[in-house]
Amino acid sequence: MIYLEHFQSPMGTLSIACHDNQLVLCDWQKRKMRDLIDQRITKALHDNFTERSHPLIEETKRQMNDYFNGQLKVFSLPLKPIGTDFQRKIWNQLLHIPFGKTKSYLELSHTINQPEAIRAVARANRANALSIIVPCHRVIGSDGKLTGYAGGLATKKKLLTIEGIYFPPHQTSLFDADDFE
């Protein structure tokens, strides 16, 4: 059984699911790829979602609350990311981006020794079903601009702000032209 529960975070509703005492989903309920990601998980696990609580889901919600309240920097949850080998390689790299730091898609592609794979890295990032925990929100454009995020760019900016990355009002880049004058 894939246990599923919805969690109202300060930034929107997250769908949280676990299977065999491992977290398989912690993702924005209203994201564009919701159906595709859910199908990928149910197909891989040969099971269906059942709306029912589970101790791991409760622990995930507790850690999420601590994160949103600025009291948690590193999640300690058993994860089972469902995806291709390449996607899992990228998601593993995301886990190495520290709280309060960012990397670009280009930097990630260099990390896996595939500098030409920037678009594939971006697609893998977009397919991440463990939002916040596998911190895809810490990936930005090479120019410092915030780029796509399943929870929306405003949410991405808020998550980075929780982590101590400051954006002046109306700024959507870590590096604005004014910074170089």
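Conventions adopted
- Residues numbered from 1 in each chain as written.
- Predicted model: local features only at pLDDT ≥ 70, side-chain atom pairs only at ≥ 80, totals over all residues.
- Heavy atoms only, no water.
- Pairing = 2+ DSSP bridges.
- Helix = DSSP H or I, 4+ residues; strand = E, 2+ residues; numbered from the N terminus.
- Axes fitted to C-alpha atoms, helices over the stretch in contact; angles between N-to-C directions.
- Contact = heavy atoms within 4.5 Å.
- Polar contact = N/O pair within 3.5 Å; in protein donor to acceptor, adjacent residues only side chain to side chain.
- Salt bridge = Lys/Arg side-chain N within 4 Å of Asp/Glu carboxyl O.
- pLDDT = per-residue confidence, 0-100.
- Buried < 20%, exposed > 50% of the residue type's maximum accessible area, 1.4 Å probe, protein only.
- Arc of directions from axis to C-beta.

### Some words on the sheet that holds strand E1 (residues 2–9)
And then number 1: Reading across from one edge, E3-E2-E1-E4 is the order of the 4 strands in this open sheet, with mixed pairing throughout. Of all strands in the sheet, those bounded by a partner on one side alone are strand E3 (22–28) and strand E4 (49–51). For this sheet, the mean inter-axis angle between neighbouring strands, taken without regard to orientation, is 30°.
And then number 2: Where strand E2 (residues 12–19) meets E3, 6 bridges bridge the pair, whose relative direction is antiparallel. Within E3, the residue paired with Ala17 across the bridge is Leu25.
And then number 3: Against the sheet, helix H1 (residues 34–45) touches E1, E2, E3 and E4, its axis set at about 170° to E3.
And then number 4: Docked against the sheet, helix H2 (residues 55–68) engages E1, E2 and E3, running at close to 25° with respect to E1.

### Some remarks on the environment of Ser53
And then number 1: In this fold, Ser53 is placed in the loop between E4 and H2.
And then number 2: C-alpha of Ser53 to C-alpha of Gln114: the two residues are 61 residues apart in sequence and 41 Å apart in space.
And then number 3: Contact partners of Ser53, with chain neighbours within four places excluded, come to Tyr3, Glu5 and Glu58.
And then number 4: In this structure the side chain of Ser53 is engaged in a polar contact, spanning 2.9 Å, whose partner is the side chain of Glu5.
And then number 5: A polar contact is formed between the side chain of Ser53 and the side chain of Glu58, at a distance of 2.7 Å.

### With respect to the environment of Pro10
And then number 1: With respect to the helices, strands and loops of the structure, Pro10 is situated in the loop between E1 and E2.
And then number 2: Taking the C-alpha atoms as reference points, Pro10 and Phe68, separated by 58 residues in sequence, lie 7.5 Å from one another.

### As for the pattern of salt bridges
And then number 1: With the rule as written, the count across this model stands at 9 salt bridges.
And then number 2: Salt bridges linked by common partners bring Asp27, Arg31, Arg34 and Asp38 together as one network.

### Some details on the confidence of the model for the protein chain
And then number 1: On average, residues of the protein chain score 91 in pLDDT, and 92% of them are at 70 or above.
And then number 2: Note that pLDDT drops below 50 for residues 175–181; the model gives that stretch 5 contacts with residues more than four away or on any other chain.

### Remarks on the pairing of E2
And then number 1: The element E2 is extensively covered by neighbouring structure, given that 7 of its 8 residues are classed as buried.
And then number 2: Two elements, E1 and E2, share 7 bridges in a ladder whose sense is antiparallel. By the bridge assignment for E2, Glu5 is matched with Ile16.
And then number 3: Taken together, E2 and the strand that follows it, E3, pair antiparallel across an intervening segment of 2 residues, in which Asp20 is found at a positive phi of about 50°.

### Points about helix H5 (residues 118–126)
And then number 1: Along H5, the positions that sit buried rather than exposed are Val121, Ala124 and Asn125. The arc that holds every buried residue of H5, seen down its axis, measures 100°, which confines them to one face.

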